[in-house]
Amino acid sequence: MTDQQYIECYTELVGTLTAKHELDDELFYRIFEGKIKAIVRNAYMPAAKNFSSFDFEDVCQDVFIKLWTKCVGAYFMNDKYEKDPAWFLGWCKIVVKNHVTSLLRDRSNFAQDPIDDPDRPVNVSVYSDPSKDIMLRELLVSMCSSVISLSSKAEMKLTWLGVYLPVYCGDAADKIEANHFFVEKYLDGTLYDLLLGVEKYLSDAGLSDDVAHGMSEIAEELDRESGGARRRDAAMKDLLGDDPLGKISDWVYKINKKLSESLSPEVMQWNT
């Protein structure tokens, strides 16, 4: 399945779910076979020798059933996740890796996987299992790197990071709360203050080294002069206008739309 075919299937799946309040089994199966099965294979094969009672098809069947039964409540109906093709594959990859990890240990010694809880978002602070920290970190690096590399304006990319990183780091419960947190933290400051705040969150999440080059390019862009003043000194109040929450939501939406339109790099990262 090509990326474009996947986007079309995903869009149709969401449309059917919205209209009929149920998953289309044929569309979901096509997405599983075309994209998700490769994710299962990449998670299963390195540990295949440890599965004496599970072969690849067994694991695929289990994952298919898990995603089929969980994804409506845990992902599509959960306001704490963005609904676009790239994010859905990223969410599926975490579910797959959680499932494969669970097969390697005694399930009775561990609580339910956080990803299965529709009321709790992916959040750095809730994980105590190092294997899950690694899974989440992989997704974070992928998404942050993709956002930073977009051709969008620096203020839009920094706003996206300034909204989502507090959610991942536990300072906001969801994106709505993060929008208000963003306004409270940055509205009276400058674009440079936002840059420093984002860099602090990247450092706290352990992602600074992974995105260092892209962030240095953003910093260089902000140091350039525009209209006789450096971009870094632009007031956030002026950039966000009379409706800051609306502007933040609009910028975040546009960044997510660009991520979806440039799906190939994200999908390739999540499928390797």
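## Here we look at the overall build of the chain
Each helix and strand in the chain was counted, giving 12 helices and two strands. Reading the chain from its N terminus to its C terminus gives the helix and strand order α-α-α-α-α-α-α-α-α-β-β-α-α-α. Per-residue burial for the chain yields a buried fraction of 49% across its 272 residues. Considering only residue pairs separated by 6 or more positions, the chain has 68% of its internal contacts joining residues 24 or more positions apart. When the accessible surface of the chain is summed, it comes to about 13,100 Å², and 50% of that surface belongs to carbon and sulfur atoms.

## Let's talk about the side chain of T159
Structurally, T159 is set in helix 6 (residues 154-168). Polar contacts involving the side chain of T159 include one to the main-chain carbonyl oxygen of E155, which spans 2.6 Å. With residues up to four places along the chain from it excluded, the contact list for T159 reads F182, L194, I248 and W251.

## Points about the packing of aromatic side chains
Counted by the stated rule, this structure contains 17 aromatic pairs. A ring pair is formed by F32 and F64, whose centres lie 5.1 Å apart and whose planes are at 90°; its orientation type is edge-to-face. Of this pair, F32 sits in helix 2 (residues 25-44) while F64 sits in helix 3 (residues 56-76), and the two are 32 residues apart along the sequence. In this structure F32 comes out as buried when scored by relative accessible area, which is 3%.

## Some words on the nonpolar core
In a soluble, globular protein the nonpolar side chains are often hidden away together inside. F88, W91, W160 and M215 are the most contacted members of the largest nonpolar core, which totals 77 residues. Examining the composition of this core, we find that 10 residues originate from one element, helix 6, more than from any other.

## A look at the confidence of the model for the chain
In this model, the chain carries an average pLDDT of 79, and 80% of its residues clear a pLDDT of 70 or more. Element-level mean pLDDT values for the chain span from 40 in helix 12 (residues 263-270) up to 95 in helix 10 (residues 236-240). Here residues 106-135 is a poorly scored stretch, pLDDT under 50, and it has 60 contacts once near neighbours within four places are set aside; other chains count. Per-residue pLDDT stays below 50 along residues 263-272; that stretch engages in 32 contacts with residues further than four places along the chain or on separate chains.

## Describing the pattern of salt bridges
Using the criterion set out here, one finds 10 salt bridges in the structure. Here K35 makes a salt bridge to D3, at a shortest N to O gap of 2.8 Å. You can see K35 sitting in helix 2 and its partner D3 sitting in helix 1 (residues 3-20), a full 32 residues away along the chain. For the pair K35 and D3, a shared accessibility class is recorded, and that class is buried. Among the salt bridges present, the one from E33 reaches K37, with a minimum N-O distance of 3.7 Å. Of this pair, E33 and K37 both sit in helix 2, four residues apart, which is roughly one turn of the helix. Here E33 falls in the partly exposed class, since its relative accessible area comes to 35%.

Here is what the cut-offs are and how they apply
- Residues numbered from 1 in each chain as written.
- Predicted model: local features only at pLDDT ≥ 70, side-chain atom pairs only at ≥ 80, totals over all residues.
- Heavy atoms only, no water.
- Helix = DSSP H or I, 4+ residues; strand = E, 2+ residues; numbered from the N terminus.
- Buried < 20%, exposed > 50% of the residue type's maximum accessible area, 1.4 Å probe, protein only.
- Contact = heavy atoms within 4.5 Å.
- Areas by Shrake-Rupley, 256 points an atom, 1.4 Å probe, with all protein chains shown as cover.
- Polar contact = N/O pair within 3.5 Å; in protein donor to acceptor, adjacent residues only side chain to side chain.
- Phe/Tyr/Trp six-rings, centres within 6.5 Å; stacked < 30°, edge-to-face > 60°.
- Core = buried A, V, L, I, M, F, W, Y, C linked by side-chain atoms within 4.5 Å.
- pLDDT = per-residue confidence, 0-100.
- Salt bridge = Lys/Arg side-chain N within 4 Å of Asp/Glu carboxyl O.

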